[in-house]
Each structure stands twice: as C-alpha cells, then as structure tokens.
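Results of the structural survey
Below are the chains, spelled out letter by letter.
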Amino acid sequence: LARRLVAGELFSFHWHDCFWLPLFQFDPQTLAPREAPRRVLDELHGVFEGWDLAHWYVEADRHLAGRCPIDLLGGDLPAVLGAARAARVARDD
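In this text, all values refer to a predicted model and were calculated from it rather than measured experimentally.

**Here's the deal with the confidence of the model for the chain**
- Taken as a whole, the chain shows an average pLDDT of 92; of its residues, 99% reach a score of 70 or greater.
- When mean pLDDT is compared element by element in the chain, helix α4 (residues 69-72) scores highest at 97, while helix α1 (residues 2-6) scores lowest at 88.

Set out below in structure tokens:
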C-alpha cells in the first residue's frame, strides 16, 4: 500500500488527525487498485493532491454537465479524463 501511494498509483489525505484512503480506488471484490482512478491520478499529477483531489472527485464539474467525476468514473471514464485535463489546463493558466 505504501509503495503504491509513493508511486502515485493511489492517493490519500489527512483530515481531523486521521489518514484517509478513499475506497473507491479499490475493486470491492478483490481490493486491488482500480485502473480508472489511477488514470485520473495520472492526468491530475501535480495539479491536485490529497484533500483537493478528494474534493475534485465529489464536486459538480461543468465539463461533466454538472455531474461529479466520482459518479461517472465507472461509466464514462473518457469524460472524467477530459474533465481532469480541463482542470489541469485551468491550473496551468
């Protein structure tokens, strides 16, 4: 787990003196890391970390017609990746 966090394959954050590891990053049957969240992390590398990344996943996004990235992660990954790219570009400006 620590190796995957350091490698950027998973993300975590600290909140209220606790370490949080969002479970949507894992397959519920095998507990293996899911591919879709890892691909989003690749897109947002250096843009958001920790709490800001968790917030991005659950906030309505205009590039997703007001839907949250986490709600579309399993059904429309290309759209979520597009929203992540738009967030990266907006941060670079």
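**A closer look at the packing of aromatic side chains**
- Tallying each qualifying case throughout the model produces eight aromatic pairs.
- On the numbers, 6.0 Å between centres and 10° between planes, the contact of F11 with Y57 is stacked. Here F11, found in the loop between α1 and β1 (13-15), pairs with Y57, found in helix α3 (residues 50-58); they are 46 residues apart in sequence, far enough to count as distant. Y57 matches F11 in its accessibility class, with the two residues each being buried.
- Clustering of aromatic rings is evident, with ring pairs tying together F11, F24, W56 and Y57.

What counts, and where the lines are drawn
Residues numbered from 1 in each chain as written. Predicted model: local features only at pLDDT ≥ 70, side-chain atom pairs only at ≥ 80, totals over all residues. Heavy atoms only, no water. pLDDT = per-residue confidence, 0-100. Helix = DSSP H or I, 4+ residues; strand = E, 2+ residues; numbered from the N terminus. Phe/Tyr/Trp six-rings, centres within 6.5 Å; stacked < 30°, edge-to-face > 60°. Buried < 20%, exposed > 50% of the residue type's maximum accessible area, 1.4 Å probe, protein only.

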